[in-house]
2 protein chains.
Amino acid sequence: LAGVNRNRTPRVVVIGAGFGGLWAARTLAQGNVDVLVIDRNNYHTFLALLYQVAAAELEAEDIAYPVRSIFWKHSNIDFTLAYARRIDLQNRIVVTDGESISYDYLILATGSITYSFGLPGVAENAYCLKTLEEAVALKNHIICCFEAAAREEDKAKRESLLTFVIVGGGATGVEYAGALAELIHGPLVKDYRTVDFQSARIILLEAADGLVANMPQSVRAYTLEKLQKMRVDVRLGAKVREVTSNAVLLSGQDNITTQTVVWTAGVKGEPLAELSGVATGRDGRVPVRETLQVLGQPEIYVIGDLASIKENNRVLPMVAQVAIQSGVSAAQNILRQINAQAPQPFRYHDRGSMITIGRKSAGVAIGARTYTGFVAWVIWLVIHLFNLIGFRNRMMVLINWAWDYLLYERAVRFVFPSEMPSLSKLSSCVRVGGLDKEPPKNSQ
Amino acid sequence: LAGVNRNRTPRVVVIGAGFGGLWAARTLAQGNVDVLVIDRNNYHTFLALLYQVAAAELEAEDIAYPVRSIFWKHSNIDFTLAYARRIDLQNRIVVTDGESISYDYLILATGSITYSFGLPGVAENAYCLKTLEEAVALKNHIICCFEAAAREEDKAKRESLLTFVIVGGGATGVEYAGALAELIHGPLVKDYRTVDFQSARIILLEAADGLVANMPQSVRAYTLEKLQKMRVDVRLGAKVREVTSNAVLLSGQDNITTQTVVWTAGVKGEPLAELSGVATGRDGRVPVRETLQVLGQPEIYVIGDLASIKENNRVLPMVAQVAIQSGVSAAQNILRQINAQAPQPFRYHDRGSMITIGRKSAGVAIGARTYTGFVAWVIWLVIHLFNLIGFRNRMMVLINWAWDYLLYERAVRFVFPSEMPSLSKLSSCVRVGGLDKEPPKNSQ
């Protein structure tokens, strides 16, 4: 590569400590490179279980792991807690809130953010489920709705407080609807003796004619049936046209009065690439070459949710397996480039997909095989436990699940802090520490 | 009691779900009364281990327990999440952010808050350690100081970031100094390879000539020696005159440049009683009769930190044992009043006191006996585990301690949300839900 000074160790900067970024950094650690990982949080978040935090099933700490601990054993990996604001492609510099960081190679792994499709009121009035802060804020809100309902004398207001609308019948919407149903019709019944739980409603809105579109038909049918048994009011073909502070407005259907709208209907690429002048599609994702390099920028790789990777004429989905495999592949290609070898095309190995609806109910698709019910749920449990980083996190999650699944109790029902910390006293930390409130949901 | 309608069940309102309030409510549950517990949080906080949350040793959830769960089995105890703003003594009404609540009997258990003695800059620039939010904010700040130091090029600024000043050599100051020393000279060394830990300093300032004034001499000497061995710079006779945004100013001594001042030097009674026209001492505590009743208000009892209870010409200390025992006693007296019996004087049974400095080091005083070192530490561990509410919390704390004490690792080093949630979308919840940011540290 032109421009790399061959007299010093090449520096690879990885932006984002999600699955893609972590696996890329680990792979790079085996080569003769200096690796710097940048993230706005000092922890990695296991996003697959985020909905359980929002349903008071797990603690936020259970699905987070300190990034620095992950890299203890790798002396050539360093970490910086910072917001990446812009990439200066010309000068190969990442501009952050703090220092500017130069790179020889760059891996963009900033992931995806919630997308409202421009529908009015969504950004202002709906809860999202893409970051740990959002999950904790949503959990707090759910508990507060019950606290308020317990003392609300007006019937209409009480029903509005007890109506929970989830928009989007993909994996996140389905899994959250199930977990919320188990929370509300389980432990909360014991907590709020004066509340009439007959009027508590969970409504799942999906614009298409079915749930979890990417799953096989048997899993889709099972999911719908199971959710309905769990008292979730699933409405297919329901098109949201606006979200207000106390209602969801639908096209051609009655409005739903509610204090709680959870928006899981859309995601798009995190905007750093676009803001830096990298070409992106309408969904904000970066079309990459089959080597995962950006067109015209052979020193920049894009992986995970942010990458629009075409294989057999379809774009790979935004899932952890794609992030992990593309992260490893991009790292290997950079090591090849450094050794004056040609980067290799990325090949995705689909290991199947799965969804959980609730206690003892899940759907799993591996190759041509599908499983539903208890067996699928056990597979789901084991795979998710196995993929959590850190033995301690696995143990904590196992304990919380045991409490929930065996004792039908959830221990995490606190109204706890939910916002990003604002440590205004320490300006240097505010600047670099990911503590700035201004930038919106950035799922680096 | 005049004014109590004998045709209906008397209503006892308990403000505060600390140890005092909980034990009072539990005792009342055995009588023919309706009990309503009010707190601004929906959880009870085990304050004795708060410093461990601030030292990234325990998770916030480990020392919190949902109030409603505590009272599941008691059908005559209800709970309301609300700020008590004022008591209308004349009409026997508690005015909250939400509804107004009438009472026949009232137990004030709002505890104590941090007190700056009016020293300039303390309220604006120092961290406190009296609530779960404060503990999480302090932990976040400590981690941020290291993140900032890792990239700070200026030596003086770096030293300022790595200087941690704790004001107050009482139990909280001593325990936090020890826990912070173990955090900084333990797990953080592995996390921040580029930071020079020789320049990391923990300074404990105490205005008097010794630490933990209430403990026997042998424990005091042990505490001082142990802290010094743990590289804590203990400065006795150090009188703070001002705290600025980047320094502690001392009387007759050099200023200390620092980004971190933890104020544990003063507490006073929580202001609800004073704001309602109940007579209080200069320390904001309410002098009570030996039956724990307020002078001239036989239907109002004050317990715990807020009560100034004189016994043998000394005022009882602000400790959990006094809160628990006075809570039980006040509740029994109310049940006596309802049965037309005379309230009995409160007698405190001192079960001893203890302090922990760090791993395998503590001091315990029970009657005339004192223990220091490993044995004292084991006693401390067992008693604190035993006093945590909930089997799950005990298990979680045990696991976190095992990680810390056996593996010398702390798993909780996240910069996580620290503020009170601001769920502005749900105004009814903001109003009653303890989510209002306006009132200052209220340790109900």
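Residues numbered from 1 in each chain as written. Chains lettered and ligands numbered in written order. Predicted model: local features only at pLDDT ≥ 70, side-chain atom pairs only at ≥ 80, totals over all residues. Heavy atoms only, no water.

Novice: How should I be thinking about the overall build of chain A in this particular structure?
Specialist: Each helix and strand in chain A was counted, giving 14 helices and 27 strands. Contacts spanning at least 24 positions in sequence make up 67% of the contacts within chain A whose residues lie at least 6 apart. (Helix = DSSP H or I, 4+ residues; strand = E, 2+ residues; numbered from the N terminus. Contact = heavy atoms within 4.5 Å.)

Novice: How should I be thinking about the pairing of strand β27 (residues 369-373) of chain B in this particular structure?
Specialist: Side-chain positions along a regular strand alternate between the two faces of the sheet. Residues and elements named next belong to chain B. Two strands pair when backbone bridges link them, and strand β26 (residues 361-366) and β27 are joined in this way by five bridges, in the antiparallel orientation. Along β27, the bridge assignment pairs G363 with T372. In textbook terms, the turn of a hairpin is the stretch between consecutive antiparallel strands, and for β26 and β27 this stretch comprises two residues, one of which, G367, has a positive phi near 60°. (Pairing = 2+ DSSP bridges.)

Novice: Looking at this structure, I do not really get a nonpolar patch on the surface. What am I missing?
Specialist: A cluster of nonpolar residues, F374, V378 and V382 of chain A, forms a patch on the protein surface that exposes about 260 Å² of accessible area. Position of V378 of chain A among the secondary structure elements: in helix α12 (residues 374-387). (Patch = residues over 30% accessible without salt bridge, like charges linked within 9 Å, V, L, I, M, F, W, Y side chains within 5 Å. Areas by Shrake-Rupley, 256 points an atom, 1.4 Å probe, with all protein chains shown as cover. Salt bridge = Lys/Arg side-chain N within 4 Å of Asp/Glu carboxyl O.)

Novice: I tried to follow the packing of helix α5 (residues 132-151) of chain A against helix α7 (residues 171-184) of chain A on my own but got confused; where do I start?
Specialist: All names here are of chain A. Contact geometry for α5 and α7: axes closest at 13 Å, N-to-C directions at 35°. The way α5 lies across α7 gives a crossing that is right-handed. The residues of α7 that touch α5, namely those facing L138, I142 and F146, are Y176, L180, L183 and I184. Taken together, the residues of the contact of α5 with α7 sort by class into seven nonpolar, no polar and no charged. (Axes fitted to C-alpha atoms, helices over the stretch in contact; angles between N-to-C directions. Left-handed = near helix turned anticlockwise from the far one by under 90°. Nonpolar A, V, L, I, M, F, W, Y, C, P; charged D, E, K, R; others polar.)

Novice: Please clarify how the packing of helix α1 (residues 19-28) of chain A against helix α11 (residues 320-338) of chain A should be interpreted in this entry.
Specialist: The axes of two packed helices give the description: the angle between them and the distance between them. Residues and elements named next belong to chain A. Between α1 and α11, the shortest axis-to-axis distance is 7 Å and the interhelical angle comes to 30°. One element, α1, and the other, α11, form an angle in the roughly parallel class. As α1 packs across α11, the resulting crossing turns out to be right-handed. Contact with α1, carried on its side by F19, G20, W23, A24, T27 and L28, involves A320, A323, I324, G327, V328, A331, Q332, I334 and L335 of α11 and no other residues of that element. (Parallel < 35°, antiparallel > 145°, perpendicular 65-115°, else oblique.)

Novice: Explain the pattern of salt bridges to me, please; I cannot follow it from the model alone.
Specialist: When their charged atoms lie close together, side chains carrying opposite charge are able to pair. This structure, assessed with the given rule, holds 26 salt bridges over all chains. The partner of R68 of chain A in a salt bridge is E147 of chain B, and the shortest N-O contact between them spans 2.8 Å. With R68 of chain A in helix α3 (residues 67-70) and E147 of chain B in helix α5 (residues 132-151), this residue pair bridges two chains. Neither residue differs from the other here; R68 of chain A and E147 of chain B are each classed as buried. A network of salt bridges, in which partner residues are shared, links R68, D78 and E99 of chain A together with E147 and R151 of chain B. (Buried < 20%, exposed > 50% of the residue type's maximum accessible area, 1.4 Å probe, protein only.)

Novice: Explanation requested: the sheet that holds strand β25 (residues 353-358) of chain A in the structure shown.
Specialist: Hydrogen bonds between backbone groups are what pair the strands of a sheet, and the pairing can be parallel or antiparallel. Residues and elements named next belong to chain A. Read across the open sheet, the three strands follow the order β25-β26-β27; overall the sheet is antiparallel. Because the sheet does not close on itself, it has two edges, and the strands there are β25 and β27 (369-373). Averaged over all pairs of adjacent strands, the angle between their axes in this sheet comes to 5°, without regard to strand direction. By the bridge criterion, five bridges tie β25 to strand β26 (residues 361-366) in an arrangement that is antiparallel. Across the sheet, residue G358 finds its bridge partner in β26, namely S361. Sitting on the sheet, helix α9 (residues 217-229) touches β25, β26 and β27, and the angle it makes with β27 is about 10°. On the sheet, α12 packs against β25, β26 and β27 and is oriented at approximately 100° with respect to β27.

Novice: How should I be thinking about the packing of aromatic side chains in this particular structure?
Specialist: How two aromatic rings sit relative to each other is given by the distance of their centres and the angle of their planes. All names here are of chain A. Taken as a whole and assessed by the stated rule, the structure comprises 14 aromatic pairs over all chains. Ring centres of F146 and Y192 lie 5.6 Å apart, and the angle between their planes is 35°; on these two criteria the pair is classed as tilted. Of the two residues, F146 is situated in helix α5 and Y192 in the loop between α8 (187-191) and β12 (201-206); the sequence distance between them amounts to 46 residues. For the pair F146 and Y192, a shared accessibility class is recorded, and that class is buried. Members of the aromatic cluster, each reached through a chain of ring pairs, are F146, F164, Y192 and F197. Its guanidinium or amino end placed over the ring of W23, R26 lies 5.0 Å from that ring's centre, counting from NZ or CZ. (Phe/Tyr/Trp six-rings, centres within 6.5 Å; stacked < 30°, edge-to-face > 60°. Lys NZ or Arg CZ within 6 Å of the ring centre and 35° of its normal.)

Novice: Is there a simple way to explain the pairing of strand β21 (residues 297-302) of chain A in this structure?
Specialist: All names here are of chain A. Taken across its six residues, β21 has five buried, putting it largely inside the fold. In the sheet, strand β20 (residues 293-294) pairs with β21 via two bridges, with the strands oriented antiparallel. Each bridged residue has a counterpart across the sheet, and for Q293 the counterpart in β21 is Y301. The antiparallel pairing of β20 with β21 creates a hairpin that spans two residues between the two strands, and G296 there sits at a positive phi of about 80°.

Novice: What am I meant to see in the state of the cysteines here?
Specialist: Working definition of a disulfide: a covalent bond connecting the sulfur atoms of two cysteines. All names here are of chain A. Taken as a whole, this structure holds zero disulfides over all chains when the rule is applied. Distance from the sulfur of C128, which forms no disulfide, to the nearest cysteine sulfur (C145) is 16 Å. Residue C128 is classed as buried on the basis of its relative accessible area of 9%. (Disulfide = S-S within 2.5 Å.)

It is worth stressing that arrangement in space is one thing and function is another; only the former is reported here.
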